[in-house]
Amino acid sequence: MAKAHLTHDQFFTQLSALLTATHSSGHGSIHLSQKRLTFDTTSSSGPTTDKIPDDPLWDLHPPEPLPILVRATDGKSTKGEKRIKNPDKVKLSTVVKPDEIEAFFARYAEVCKAGMAGLKKRDRSKRKKGKGKKGAVGGEGGTKA
Amino acid sequence: MVLLETSDEWQRQSSLLLQARPTTARITVKYNVPNLQSPKVQKAIKRKGDAEGGKKDVAAAPAVPKAVLCLKTYDPESGVCLQFKTDRAAEVGRLITGLGRLGRHMAALPQKTEDAVMEDVAAVESTAVQDQAATTTTDKAQPGASGAGGGGKKKKKAKK
């Protein structure tokens, strides 16, 4: 990862831009991932949580909560027929500190809900049919995604 | 590779996997908008049309590509991969909130969020009720309320 981690604000702005770009291009994928961050971001000395040989469950009880690394990419690692490395691959990453998890994921959910517009909308037509005349009006609006 | 039927089941199994392997397990989410021009998708559409028989013309031309959301929890050390797929927009919010809850396992934070809120609300409510009656019963009500909340948490306690 050549680029540094983004702040949450930058991450969300660029993620929604990425989602919009995928929709305007008509097809494509976005890969999001999250994992525990066990490397120290401030120094390049290596993992901060060293494996303790005597304790096989060393990672189950770390001394203090660890941050989470969240990444987003457009999955375009290669380009062209020859599958050469794509220099324009979109790679976003951010670090979520333990005390920011709730706030981060609340915004994350909002961004994803807004950005993932290609998914099927809630189909209200079936349920409203049984309820009578109102269903016809509501159904028309709700059927087509 | 296990493909789970419901998001709740995926959430539950993933949380168990993350509790067991919080360092190595990772969650990936793939949001895919298929390319309608690609041979692969064309073939799938055609196959689907054939299976449905006479309805070919209806199924063969979806103007808007149908996006798919695929969630995976993968642990490279044990090779466990839990998968869940959906195409419903209504589930996105719930799933991402679920990711946040699973993120707490990764961060090694105690699992409390909603439970704690519920406990607090229950405690406050019971306190308010008890205050009207008698102050002595309040002390009894609070441990009772938090105990009930702890019971609802199930298997989370084993971790510590």
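Analysis parameters
Residues numbered from 1 in each chain as written. Chains lettered and ligands numbered in written order. Predicted model: local features only at pLDDT ≥ 70, side-chain atom pairs only at ≥ 80, totals over all residues. Heavy atoms only, no water. Contact = heavy atoms within 4.5 Å. Buried area = accessible area lost by both parts, 1.4 Å probe. Salt bridge = Lys/Arg side-chain N within 4 Å of Asp/Glu carboxyl O. Polar contact = N/O pair within 3.5 Å; in protein donor to acceptor, adjacent residues only side chain to side chain. Helix = DSSP H or I, 4+ residues; strand = E, 2+ residues; numbered from the N terminus. Nonpolar A, V, L, I, M, F, W, Y, C, P; charged D, E, K, R; others polar. Pairing = 2+ DSSP bridges. Core = buried A, V, L, I, M, F, W, Y, C linked by side-chain atoms within 4.5 Å. Buried < 20%, exposed > 50% of the residue type's maximum accessible area, 1.4 Å probe, protein only.

*Asks:* Got a sec to walk through the interface of chain A and chain B? Specific residues and values, please.
*Replies:* In this complex, chain A contributes 38 residues to the contact, which on the side of chain B involves 41 residues. With both sides pooled, the region where chain A packs onto chain B buries about 3,300 Å², and carbon together with sulfur makes up 62% of that total. Of all residues in chain A, Gln-34, Arg-36 and Leu-119 of chain A give up the largest surface area on contact with chain B, accounting jointly for 20% of the area buried on that side. Applying the counting rule to chain A against chain B returns 2 salt bridges. Between Asp-87 of chain B and Lys-120 of chain A there is a salt bridge whose closest N-O contact spans 3.5 Å. Put simply, chain A and chain B have 16 residue pairs in polar contact (both at pLDDT 80 or more) between them. Secondary structure elements with two or more residues in the side of chain A that touches chain B: helix H1 (8–25), strand E1 (28–36) and helix H2 (101–115) of chain A. At 9 residues, E1 of chain A tops the list of elements feeding residues into the side of chain A that touches chain B. Here the residues of the side of chain A that touches chain B are counted per class, giving 18 nonpolar, 12 polar and 8 charged. One ladder, built from 8 bridges, connects E1 of chain A with strand E2 (residues 26–33) of chain B; its direction is antiparallel.

*Asks:* I'd like a rundown of the nonpolar core, residues and numbers included.
*Replies:* Counting 44 residues, the largest nonpolar core has Phe-11 and Tyr-108 of chain A as its most contacted members. At 7 residues, the largest contribution of residues to this core is made by H2 of chain A. If we skip the residues at most four places from it in the chain, Tyr-108 of chain A touches Phe-11, Phe-12, Leu-15, Leu-32 and Val-70 of chain A together with Ile-96 and Leu-99 of chain B.

*Asks:* Just give me the short version of the side chain of Ser-7 of chain B, but keep the residues and values in it.
*Replies:* Residues and elements named next belong to chain B. Mapping Ser-7 onto the fold places it in helix H1 (residues 7–20). Among the polar contacts listed, one links the side chain of Ser-7 to the side chain of Arg-94, at a separation of 3.2 Å. Not counting residues up to four positions away in its chain, the partners in contact with Ser-7 are Phe-84, Glu-91, Arg-94 and Leu-95.

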